[in-house]
Amino acid sequence: MAARHRLEAAKARTDMREWQVKRRERTRQLIELGGLVAKADLVELTDDDRAALYGAFLTVAAKLRGPDGAQALVLFRRKGKREFEAEQSNDG
């Protein structure tokens, strides 16, 4: 009986750890995405107006869902990569 309880407790700890790992991964992703918002100066440009930011994100999402979405994504990605590379060359 005691062995069964130990096994169940160990399983519960493992399940909790998996849940915690997934939660930490999601938290890290959200922090990184927030960092991109700040890096693009969107917080300052909108005076930290959450409605304006959300509206801008909805506009981008609509563009990506539209008929030219694939082309827009290529352009967004290209511009983002260029900016990341420019920052790296300025830092180093």
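Keep in mind that this is a model prediction, so the values were computed, not measured.

### Description of the confidence of the model for the chain
Part 1 of the argument: Confidence in the prediction for the chain averages 92 pLDDT; 97% of positions are at 70 or higher.
Part 2 of the argument: Ranking the helices and strands of the chain by mean pLDDT puts helix α3 (residues 50-65) first, with 98, and helix α1 (residues 2-39) last, with 87.

### Details of a nonpolar patch on the surface
Part 1 of the argument: On the surface, V60, L64, L73, L75 and F76 cluster together into a nonpolar patch covering about 390 Å² of accessible area.
Part 2 of the argument: At the level of secondary structure, the elements contributing two or more residues to the nonpolar patch comprise α3 and α4 (69-91).
Part 3 of the argument: Broken down by element, the nonpolar patch gets its largest block of residues, three residues, from α4.
Part 4 of the argument: Residue placement: L75 occurs in helix α4.

The rules behind the values
- Residues numbered from 1 in each chain as written.
- Predicted model: local features only at pLDDT ≥ 70, side-chain atom pairs only at ≥ 80, totals over all residues.
- Heavy atoms only, no water.
- pLDDT = per-residue confidence, 0-100.
- Helix = DSSP H or I, 4+ residues; strand = E, 2+ residues; numbered from the N terminus.
- Patch = residues over 30% accessible without salt bridge, like charges linked within 9 Å, V, L, I, M, F, W, Y side chains within 5 Å.
- Areas by Shrake-Rupley, 256 points an atom, 1.4 Å probe, with all protein chains shown as cover.
- Salt bridge = Lys/Arg side-chain N within 4 Å of Asp/Glu carboxyl O.

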